[in-house]
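Summary of the model geometry
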Amino acid sequence: MAILEIKEYGEPVLREKSLPVKKVTPEISDFIRDMAETMYTASGVGLSAPQVGVLKRIIVIDGQEEGLIALINPKIVRREGEVNEEEGCLSFPDMYSKVKRSSRVTVEGLNQKGERIEITKEGLIARALQHEIDHLDGILFIDKIGRVKRQLLLNKLKKQKTL
Ligand code: ZN
């Protein structure tokens, strides 16, 4: 297992679209294990492959008591409700903002074994699923907040980088 380097905002790879995984090979399973280890080490709730520089449609989520949720080629097939809650991202260290998300989502995709699964989640896990799936299309949480708040966060980021 290995800890992967997390790409931070400004790295072009975070704006690219990831490609579907054609086959769940042992290399993909190893990569998912590395992603999970990286996420847990960074104390994140979720992580997407493009955040470690790999343009493949893979996400991992800390499912808390149910353990790791790993999804390959995930797709949101149903959304319900709306909530506006604080959110962060491992690619934006120490930055948080309220983001509107669906309160409950159903996602289909493949699990680590390559089996087709469908899960329905709410609360923090539903939020993490939407956030990580956005990453696969190059969409970041700052794209979903107001212009003024976004500018404040980006200014803060710029300041951190020049310190
Ligand atoms: Zn993120």
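Our subject is the structure listed above.
Presented here is an overview of the structure given in this document. (Residues numbered from 1 in each chain as written. Predicted model: local features only at pLDDT ≥ 70, side-chain atom pairs only at ≥ 80, totals over all residues. Heavy atoms only, no water.)

We now examine the coordination of the zinc ion. Taken together, the protein ligands of the zinc ion are Cys-89 (SG), His-131 (NE2) and His-135 (NE2), with distances of 2.0 to 2.2 Å. Counting the intervening residues between successive donors of the zinc ion yields the motif C-x41-H-x3-H. Remark: His-135 and His-131 occur in helix α2 (residues 123-135); sequence separation between them is 4 residues, near one turn of the helix. Across this residue pair, the class does not change: His-131 and His-135 are buried. (Donors = N, O, S within 2.8 Å, 3.2 Å for Na, K, Ca; no water. Helix = DSSP H or I, 4+ residues; strand = E, 2+ residues; numbered from the N terminus. Buried < 20%, exposed > 50% of the residue type's maximum accessible area, 1.4 Å probe, protein only.)

This part takes up the side chain of Asp-134. By the secondary structure assignment, Asp-134 is in helix α2. Take Asp-134: its relative accessible area is 12%, and that puts it in the buried class. With near-sequence residues (within four places) excluded, Asp-134 lies in contact with Arg-101, Ile-139 and Lys-144. (Contact = heavy atoms within 4.5 Å.)

Here we take up unusual backbone geometry. At Gln-64, a residue that is not glycine, the phi angle is positive and equals roughly 50 degrees. Turning to its location among the elements, Gln-64 is positioned in the loop between β2 (58-62) and β3 (68-80).

Our next topic: the pairing of strand β6 (residues 104-110). With 5 of 7 residues buried, β6 is to be regarded as a mostly interior element. Pairing of β3 with β6, which is carried by 6 bridges, proceeds in the antiparallel orientation. What sits directly across from Lys-75, in β6, is Glu-108. Here β6 runs beside strand β7 (residues 116-122); their pairing, made up of 7 bridges, is antiparallel. (Pairing = 2+ DSSP bridges.)

This next bit is on the pairing of strand β4 (residues 83-89). Taken together, the 6 bridges between β4 and strand β5 (residues 92-101) define a ladder with antiparallel strand orientation. Across the sheet, the residue bridging to Glu-87 is Ser-97, located in β5. Taking the residues that link successive antiparallel strands as the turn, the β4-β5 hairpin has 2 residues.

On the basis of which strands lie adjacent, the open sheet formed by 5 strands has the order β1-β2-β3-β6-β7 and antiparallel pairing. Two strands close off the open sheet at either side, each with one partner strand: β1 (46-48) and β7. In this sheet, neighbouring strand axes are inclined to one another by 40 degrees on average, regardless of whether the strands run parallel or antiparallel. Against the sheet, helix α1 (residues 26-41) contacts β1, β2 and β3, and its axis sits at roughly 40 degrees relative to β2. Against the sheet, α2 contacts β1, β2, β3, β6 and β7, and its axis sits at roughly 160 degrees relative to β2. (Axes fitted to C-alpha atoms, helices over the stretch in contact; angles between N-to-C directions.)

In short, shape yes, function no, at least from these values alone.
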